[in-house]
Amino acid sequence: MATTTQDAAKVGAQVGRSVQRLESREKVTGRAEYTHTMRLPNMLHAKMFRSTVAHGRIKSIDTSAAKKVPGVLHVITIDDVMKVIPNPYYGPAFHDQPILAHEKVRFVGEPVAVVLAADPHVAEEAAQLITAEYEELPPVFDEVDALTSKVYVHDELKPAGTFADLKHLKDAKNTNMALDYRLRKGDVDKAFAGAAHVFEHEFKTQKVLHLSFEPHATIADYRDTGVTLYTASQGPSFVRTEIARLLGWPENKVRIKVPFLGSGYGSKLYIKLEALALALSMIARRPVKVALTFEEMFYQITKHPCTFRIKSGLDKDGRIVARKCEVFWNGGAYADIGPRVTQKSGLTATGPYEIDNVSIDSYALYTNVTPAGALRGFGVPQLVWAYEGHTDMIARALKMDPVAFRRKNLLREGRPHATGTILKDAATEKVLDKLVERMNWSQPFDNGSGTVKRGRGLGIAIKAVITPTTSVAIVNVSGDGSVTLYCGTSDMGQGSDTAMAQMVGEVLNIPTESVRVTPRDTDVTPYDMGTLGSRSLFHMGHAVQRAAEHARDQLKALAREVGEPENSNTPIRELFVKRYGMQAGNVIGTGVFKPDYVPPAPGTGLSDNVTAFWMISGAGAEVEVDTETGHVKVTRLVNVLDIGKAINPQVVESQISGAASMQIGFTMFEKMHLDGGQVTNASLADYKIPGFHDIPPMENITVDTYQSNGPFGAKGVGEVATFCVSPAIANAIDDAVGVRLMELPLNPETVFRAIRAKAGQPLGDE
Amino acid sequence: MTPFELAEPTSLKEAIKLLDPDDPTIRPVGGGTALMLMMKAGVFKPVKLISLRRIENSYSTIAATGDGLRIGAMTTLAALERSADVKKAAPLITRTLKTLSNIRVRNVATVGGALAHGDPHMDLPPVLMALGATLTVMGPKGERKLAVEDLFAGYYETVLDKDELIAEAHVPAHGTKKAAYMKVTTGSADDWPALGVAVVLEGDAGGIKSARIVASAATDKATRLKSAEAALIGGKVDDTLLAKVGDAAADEAEYIADVRGSISYKRELMRVYVRRAVRAALEGAK
Amino acid sequence: MSATKTISFTLNGAPVTADVKPHHNLVELLQGQFGLTGARETCGQGLCGCCTVIVDGLAVSGCLYLAAFLNDGAEVSTVEGLDTPAKLSPVQEAFVETAAFQCGYCTPGFILMVGQLLDEHPDPDDDQIKHYLTGNLCRCATYPQVMEAVRLAAKKRKAGAAA
Ligand SMILES: Cc1cc2nc3c(=O)[nH]c(=O)nc-3n(C[C@H](O)[C@H](O)[C@H](O)COP(=O)(O)OP(=O)(O)OC[C@H]3O[C@@H](n4cnc5c(N)ncnc54)[C@H](O)[C@@H]3O)c2cc1C
Ligand code: FES
Ligand code: FES
């Protein structure tokens, strides 16, 4: 329940309280300012002309008709861009993405030219008049094909140099592989040879996307002395570094401001429209806004489709003795952060199970489709979809109860994960126990009769946080005693500003509501690696805690200096007045956090400290299947999570239900349809997302845990509830109608086809 | 959206004069909800729109007539949904509107637009067809009557000339007839239908005297399923008969494949939902 | 080129005049000429509700509604008209207290639709709530919290009316 202002006034109990979000008023009054609706004086609007072919060499671009449209100021291609930015390639892992298509186009929808005009309608009309001629090249779309294809999306790979484990790919030619992560533990071949049972399955996930309701937007205001970007970004620090690099400028001439963010879910990470907006503003010498329409988001960034070949060997008692994982990530035309996804989630591909002999190969692959990046789970939901389906299939084949089978193989606290890192503060047992209890698993279950069948299923998952990353925070106590927090975590709706302020309040013993969190502005907010992968509450939380403690220590020193007794209640303002003779001065606390980490050893991928913390979750589903049509109704969804201590229980609850609901969409119907690389459902009319009627009755439970190395016992919560939803539902469908679906989404036609195939009456291909 | 002109005539006659039988870039606009989608997607770039929003008020009204309803073409779907006369004479329409689009669209969209757009996914056309509704169509040469059943020529195509307007719809009252409409979605719950089935029957489970069964969305236009109707008439309505009716419907209809389902799948949906709709009509609406 | 027309109407209770081009929709009018960004275009297709505006008492999708459709004398209200410097509306208060938003992009649309719902059904049941709000989507999926907010808002409005 919401707390009242009386509670707020009570100091000393800020962490663990359901504080109302600090930005509530701006959001409910519609006055919160987002980049997409922002305007600057004298600003131009940009509209893009995009590639209609999936792979081709650009022969010519005809902009003459567009230039003639009254009101058009510039029509820009890569040639114009290169006059102001000679090396126009950007990206977090690889410098592989050109600001506009350069020589080649690599996916349908890639920006090829841009029109600038003061009136966006004029720019749009003109952009429609641009034409281009291409020499079409054969495309590669499928991630498994991409590994062996003779079609190469890039002629040469260009690792950015940011990540050590990509160095060996420098200048590599004739490959679509942007990273091959491997883990080797024990002797897999020998273990398979000696196994009593061997199971091998291939699972697939589809292409889906974030669709944050504020589409991507950036406004660049370039001046000869410096540049300011207003951008919908989850990572202003990274944007600054990359923009400075493109300009060859020091970072202090680049200012990145992030207004309110209409969510992101991973889509607004690293660098997206910023480089283009910069180039356009340099050319126009005016502020330029690049803002995507809803449709254009389908050409910006998506989740990775994935093929996962998983093979397990078991002894006669049902213990998994060997597991081999081959994961193919469909990264699209530009690497974006795909190589990170490939490695950081790849290392958990064997799941929350203790297996002595493990082999994992995880491949980041280029293909000729919209680039893929992180989406709420950083690859983990794709993995869990496969390994928890696989787990159930094995249990079924061995006629073991799926829970008993999981218990037998569960990776427990204190035991080594496949990487060699000992599992700590990872409540696998508690989560499974609680899930089993809530699902009444030990009770008989009515599978229904007639044409509607019922089933239940569950899944459990593990994730390692992206490690190592750095966060810096500043806490500023002003002369009147009021407190301001500067931190680079982008609050895109997850409530981080409020949670961070709670930590400051807790340390300084002041009400959270009195703490101001400044908007993200790299001129004042210090470095943060980015708001991603559930890392912020942990990493930035630590930095914030340290900054607040640093400020507190200085306030204590100040009190001593002005002769106040230890622990006196003198208001902070009076300390300043005593010290400076008037209300003046500041106390500045700073905090930096970077966790310990041992990089995976080359070749084996082993490390005894691979992650700052583990995330564990489980989900259980009950479903009804209409066997005449394949419609599946989820009648119950139970989410059980280990999130450490909840800093703000109300916000935690909405993160859990929000994440699980989003995954319901990815599970049941969301899918980007592609035809020859062309997206055929790039609109909300044809790409459906969950609405009120699609959300199942949900029970969200957090098990009682404390992250011993976390700030106030906390760890990340933004993604965990997505992990197990898909396999839990697929397992429930199997329980209901005895069919196994190997590919998402589980839409009615897919389910119906499987039912018919099982009955020996497969549906035709028309 | 690219610039265009907007004319706002104050009478239907004037509006017709402003239309051009040979110029597809001049088009009437009612609520604009369907047209705007096409214009925003760049599929339709009008030079001029003729707004019907200021024509005579009578075209925005609903009246109960002796044998049913007279509905002006500019009546909004929200007005239709809320009308006590409609609920009394043709409750199937009221029920259908609850799941047709959303409140904001219904507040603006018009009956004329829902029919004239020729979009096979819309819910009102199959329902009006099953109810045996007719239209008054006005053109430069005067008015003509047209059964809704004869309105659709194909995918997003009607038999209307470019300078003809739908003025009114006439809907016979249900009377003792039994009716149901079923909307089948395969994406989210609020998706456009993969299949719509409207059924209007005379008779009871002991024997059906007359039937109109109309399918939409899975087909390229709202289509009467006459062999399914024939199969239904006469015999006692039991599982065997319903299976025959479903099979006849499934065989008779022609399907289109899209993101909502393949042809093979839609055929199976047809088989099941024609059966379910007949049963629902007989059991009465909840 | 298309002709501009001048329309006089009331916006959140105050008389205003605007020059409107035929191809401008209501969102562009509000943002461009009045600096009101509470109605914002997301899907542009009438589906999500982020662009909700109340015209003459009825909710419309500003993304699909031509600005030129406004009649002289029309009454237009937006989310920005709901609060005073001292007080939020009961629906807004309820959204704050139940944390019925995350990123907040969809929130103005939800709040306006909930207002419409409660005008018509002061004591809505869950089905009525869902029915009314099917046309409002939230990618952050705050649906359970919105349900709670509506129930709380109903209580607050009743308490306010009784007081
Ligand atoms: C978000 C959304 C969801 C929707 N969901 C559904 C749904 O679930 N079910 C459903 O059935 N429909 C649905 N619709 C469609 C909706 O019903 C139509 O958009 C609406 O009925 C069209 O009416 P309008 O007055 O806005 O038409 P307009 O857009 O004004 O016109 C549509 C077409 O009809 C022509 N026209 C308009 N009036 C006349 C007339 N009197 N005579 C001749 N021609 C005319 C126009 O030239 C145009 O070609 C949805 C629409 C939207 C935007
Ligand atoms: S933007 Fe208008 S309804 Fe989505
Ligand atoms: S709160 Fe983010 S879309 Fe609703």
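Keep in mind the model is a prediction, meaning the values are calculated, not measured.

### Quick word on empty space enclosed by the protein
Residues and elements named next belong to chain A. As enumerated under the stated definition, the model contains nine cavities of 30 Å³ or more in all. Counted as a void, the largest cavity has a volume near 530 Å³. As for the largest cavity, its lining consists of 35 residues, and the residues nearest its centre are Met492, Gln494, Ser534, Gln655 and Gly718. Within this model, the second largest cavity holds a volume of roughly 150 Å³. Lining the second largest cavity are 16 residues, with Tyr90, Gln97, Ile99, Pro111 and Gln300 sitting closest to its centre. Secondary-structure elements contributing two or more residues to the lining of the second largest cavity are β1 (44-50) and β5 (97-98).

### Observations concerning the site of ligand 1
Close to ligand 1 lie 32 residues, the nearest being Pro28, Gly30, Thr33, Thr110 and Asp123 of chain B. Taken together, the residues near ligand 1 originate from chains B and C. Ala34 of chain B is positioned with one of its backbone polar atoms (N or O) 3.0 Å from an oxygen atom of ligand 1. In this structure, Ile166 of chain B approaches ligand 1 through a main-chain N or O atom, which is 2.9 Å from a nitrogen atom. Relative to its unbound accessible area of 960 Å², ligand 1 is 97% covered by the protein chains. Elements that contribute at least two residues to the shell around ligand 1 include exactly β2 (26-29), α2 (33-40), α7 (111-116) and β10 (165-172) of chain B.

### Quick look at the side chain of Glu110 of chain A
All names here are of chain A. Considering the arrangement of structural elements, one finds Glu110 in the loop between β6 (104-105) and β7 (111-117). Buried charge Glu110 goes without a salt bridge, the closest partner of opposite sign being Arg106 at 4.9 Å. A distance of 2.6 Å separates a polar atom in the side chain of Glu110 from a polar atom in the side chain of Tyr334. Sequence-distant contacts of Glu110, that is, excluding residues within four places in its chain, are made with Phe49, Arg50, Ser51, Pro98, Ala101, Lys104, Val105 and Tyr334.

### Side note on the packing of aromatic side chains
Taken as a whole and assessed by the stated rule, the structure comprises 19 aromatic pairs over all chains. Linked through ring pairs, Tyr34 and Phe260 of chain A together with Tyr105 of chain C together constitute an aromatic cluster. If you follow Arg40 of chain C out to its NZ or CZ, it ends over the ring of Tyr105 of chain C, 5.0 Å from the centre.

### Looking at the domain arrangement of chain A
All names here are of chain A. What the domain assignment reports for chain A is domain 1 (24-32 + 469-593), domain 2 (36-139 + 216-291) and domain 3 (380-465 + 612-758). Distance from the C-alpha centre of domain 1 to the C-alpha centre of domain 2: 36 Å. At the interface, 19 residues of domain 1 touch 18 residues of domain 2. Across the domain 1/domain 2 interface, buried area totals approximately 1,500 Å², and carbon plus sulfur atoms make up 54% of it.

### A word on the interface of chain C and chain A
Between chain C and chain A, the residue contacts involve 52 residues of the former and 51 residues of the latter. Across the interface of chain C and chain A, roughly 4,200 Å² is buried in total on both sides, 59% from carbon and sulfur atoms. Looking only at chain C, the three residues that lose the most surface to chain A are Gln102, Tyr105 and Arg139 of chain C, adding up to 22% of its buried area. Linking chain C with chain A are three salt bridges, by the criterion used here. As a salt-bridge pair, Asp83 of chain C and Arg25 of chain A come within 3.0 Å of each other at their nearest N and O atoms. If you look at where chain C meets chain A, you find 24 residue pairs in polar contact (both at pLDDT 80 or more). Breaking the side of chain C that touches chain A down by element, the ones donating at least two residues are α1 (26-34), α2 (90-97), α3 (107-120), α4 (126-133) and α5 (143-162) of chain C. The residue inventory of the side of chain C that touches chain A, partitioned by class, reads 26 nonpolar, 17 polar and nine charged.

### Overview of the interface of chain B and chain A
With 27 residues of chain B at the contact, the number on the chain A side is 28 residues. Taking both sides of the interface into account, the surface hidden between chain B and chain A amounts to around 2,200 Å²; carbon and sulfur atoms contribute 50%. It is Met1, Val259 and Tyr265 of chain B that lose the most area in chain B upon contact with chain A, and together they represent 24% of the buried surface on that side. Taken together, the links from chain B to chain A amount to six salt bridges. With a closest N to O distance of 2.8 Å, Arg276 of chain B and Glu628 of chain A form a salt bridge.

Here is what the cut-offs are and how they apply
- Residues numbered from 1 in each chain as written.
- Chains lettered and ligands numbered in written order.
- Predicted model: local features only at pLDDT ≥ 70, side-chain atom pairs only at ≥ 80, totals over all residues.
- Heavy atoms only, no water.
- 1 Å grid on protein atoms, 1.4 Å probe; cavity = no way out; pocket = protein on both sides within 12 Å on 5 of 7 lines; lining within 4 Å.
- Points joined across faces, edges and corners; volume = space filled by probe spheres on them.
- Helix = DSSP H or I, 4+ residues; strand = E, 2+ residues; numbered from the N terminus.
- Near = heavy atom within 4 Å.
- Polar contact = N/O pair within 3.5 Å; in protein donor to acceptor, adjacent residues only side chain to side chain.
- Areas by Shrake-Rupley, 256 points an atom, 1.4 Å probe, with all protein chains shown as cover.
- Buried < 20%, exposed > 50% of the residue type's maximum accessible area, 1.4 Å probe, protein only.
- Lys, Arg positive; Asp, Glu negative; His and termini not counted.
- Salt bridge = Lys/Arg side-chain N within 4 Å of Asp/Glu carboxyl O.
- Contact = heavy atoms within 4.5 Å.
- Phe/Tyr/Trp six-rings, centres within 6.5 Å; stacked < 30°, edge-to-face > 60°.
- Lys NZ or Arg CZ within 6 Å of the ring centre and 35° of its normal.
- Domains from an automatic or database assignment.
- Buried area = accessible area lost by both parts, 1.4 Å probe.
- Nonpolar A, V, L, I, M, F, W, Y, C, P; charged D, E, K, R; others polar.

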